[in-house]
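# Overview (structure and organization)
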Amino acid sequence: MIRNLLFDFGGVVIPLSPETAMERFEQLGVKDARQRLGAYGQQGIFRQAEDGSLDAEGFQKALGQLVQEQSGDARGAAPVFSFEQCRWAWTGYAKRVDPVRLQNLLRLKEQYTVLLLSNTNPFMMDWADSTAFSGDGHPVSYYFHKTYYSYKLKDYKPSATIFQTVLNDAGLRAEETLFLDDGLKNVEAARLVGLHALWVPANEDWMPLLQSELEKLTLHS
């Protein structure tokens, strides 16, 4: 029997717009932002901001150094980027927040233990964990019993260890947990550690697929 639901954030809880984030980082001076940023994973300092090997201040400094290198002017001082500038660029990923999805999460929360596991960074979550997130004054944590972020765990999907950390911390049994993600590699990794896992198309309504999967798992339990 499924007792726990574990959700991905970007592309599932909120629709993503990688194009906007890329454009914003390009405006800050990152010439190869399109190679470094993606919907399912980042590279270089952008990955380090999400796996926790760079904290917010470290990323801001590294971003300035990267922009200086790409400008070709090694003699000048590296630009200094504020937390707010970096948050503006990262939150370009947040296309919009769908109130229907949030209401569905609250309904599910009445029947299941509902958790969030996201590859993310302190800039994105500074917004998501604020009252500006939902439009009606609730942070993302309001919609979950507990939230887990890669940069805090210093781990990164699709590693097996990040799923095991969540299971251990929340006291969950893998066979009673269903994980939803729009990244196929993450879904496959979750299955390898014993979770039930459901791939959902990015940015689409996952509720019909979830209901169907829950019915199927109940029949086979």
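Residues numbered from 1 in each chain as written. Predicted model: local features only at pLDDT ≥ 70, side-chain atom pairs only at ≥ 80, totals over all residues. Heavy atoms only, no water.

On to the overall build of the protein chain, then. Summing up its helical and strand segments, the protein chain has 11 helices and five strands in all. Taking 221 residues into account, the globule formula puts the C-alpha radius of gyration at 17 Å, and the protein chain, at 18 Å, falls close to it. Each principal axis of the C-alpha distribution contributes one length, and for the protein chain these read about 65 × 35 × 25 Å. Put simply, of all contacts in the protein chain between residues at least 6 apart along the chain, 67% involve residues at least 24 apart. Carbon and sulfur atoms form 49% of the exposed surface of the protein chain, whose accessible area is close to 10600 Å². Distance between charge centroids for the protein chain: 1 Å, based on 22 positive and 28 negative side chains. (Helix = DSSP H or I, 4+ residues; strand = E, 2+ residues; numbered from the N terminus. Rg over C-alpha atoms; globule rule 2.2 N^0.38 Å. Contact = heavy atoms within 4.5 Å. Areas by Shrake-Rupley, 256 points an atom, 1.4 Å probe, with all protein chains shown as cover. Lys, Arg positive; Asp, Glu negative; His and termini not counted. Charge placed at Lys NZ, Arg CZ, Asp CG, Glu CD.)

This paragraph deals with the sheet that holds strand E2 (residues 113-118). With parallel pairing, five strands are arranged side by side in an open sheet as E3-E2-E1-E4-E5. The open sheet is flanked by strand E3 (146-149) and strand E5 (196-199), the only strands paired with a single partner. The average angle at which neighbouring strand axes cross in this sheet is 20°, direction not considered. Of the strands in this sheet, strand E4 (177-181) and E5 touch helix H10 (residues 184-192), which is tilted by about 170° from E5. (Pairing = 2+ DSSP bridges. Axes fitted to C-alpha atoms, helices over the stretch in contact; angles between N-to-C directions.)

This next bit is on the packing of aromatic side chains. Two aromatic rings, taken as a pair, are described by how far apart their centres are and by the angle between their planes. Applying the stated criterion across every chain yields a total of 17 aromatic pairs. Plain terms: the ring middles of Phe25 and Phe59 are 6.5 Å apart, the flat faces sit at 85° to each other, and that makes the pair edge-to-face. Residue Phe25 is found in helix H1 (residues 18-28), and its partner Phe59 is found in helix H4 (residues 56-71); the two are separated by 34 residues along the sequence. Neither Phe25 nor Phe59 differs from the other in exposure class; each is buried. The ring of Tyr156 carries the charged tip of Arg47 above its face, separated from the ring centre by 3.8 Å. Looking at Lys109, its charged tip hangs above the ring of Tyr142, at a distance of 5.8 Å from the centre. (Phe/Tyr/Trp six-rings, centres within 6.5 Å; stacked < 30°, edge-to-face > 60°. Buried < 20%, exposed > 50% of the residue type's maximum accessible area, 1.4 Å probe, protein only. Lys NZ or Arg CZ within 6 Å of the ring centre and 35° of its normal.)

Under the counting rule described, the total for this entry stands at 13 salt bridges. Between Lys157 and Asp181 there is a salt bridge; the shortest N-O distance is 2.9 Å. Of this pair, Lys157 sits in the loop between helix H8 (150-153) and helix H9 (160-170) while Asp181 sits in strand E4, placing them 24 residues apart in sequence. With respect to burial, Lys157 and Asp181 carry one shared label: buried. With a closest N to O distance of 2.7 Å, Glu175 and Arg173 form a salt bridge. Salt bridges linked by common partners bring Arg3, Arg173, Glu175 and Glu176 together as one network. (Salt bridge = Lys/Arg side-chain N within 4 Å of Asp/Glu carboxyl O.)

Let us look at the nonpolar core. By size, the foremost hydrophobic cluster in this structure holds 58 residues, and its most contacted members are Phe7, Phe9, Phe25 and Leu63. The leading source of residues in this core is H4, at six residues. The residues contacting Phe9, other than those within four sequence positions of it, are Ile14, Leu116, Leu117, Ser118, Met124, Met125, Trp127, Ala128, Phe133 and Val140. Counting residues in each nonpolar core, the second largest holds 16 residues, with Ile162, Phe163, Val166 and Val187 among its members. (Core = buried A, V, L, I, M, F, W, Y, C linked by side-chain atoms within 4.5 Å.)

On the secondary structure map, Arg101 appears in helix H6 (residues 99-109). At a separation of 2.6 Å, a polar atom in the side chain of Arg101 contacts the main-chain carbonyl oxygen of Val12. The residues contacting Arg101, other than those within four sequence positions of it, are Gly11, Val12, Val13, Ile14, Pro15, Asn203, Glu204, Asp205 and Trp206. (Polar contact = N/O pair within 3.5 Å; in protein donor to acceptor, adjacent residues only side chain to side chain.)

It is worth spelling out the packing of H1 against helix H5 (residues 83-90) at this point. Where H1 meets H5, the closest approach of the two axes is 7 Å, and the angle between their N-to-C directions is 145°. Within the contact between the two elements, H1 uses Ala21, Arg24, Phe25, Gln27 and Leu28 and H5 uses Gln85, Trp88, Ala89 and Trp90. Of the residues in the contact of H1 with H5, the class split is six nonpolar, two polar and one charged. (Nonpolar A, V, L, I, M, F, W, Y, C, P; charged D, E, K, R; others polar.)

Fair warning: the whole summary comes from geometry, so function is off the table for now.
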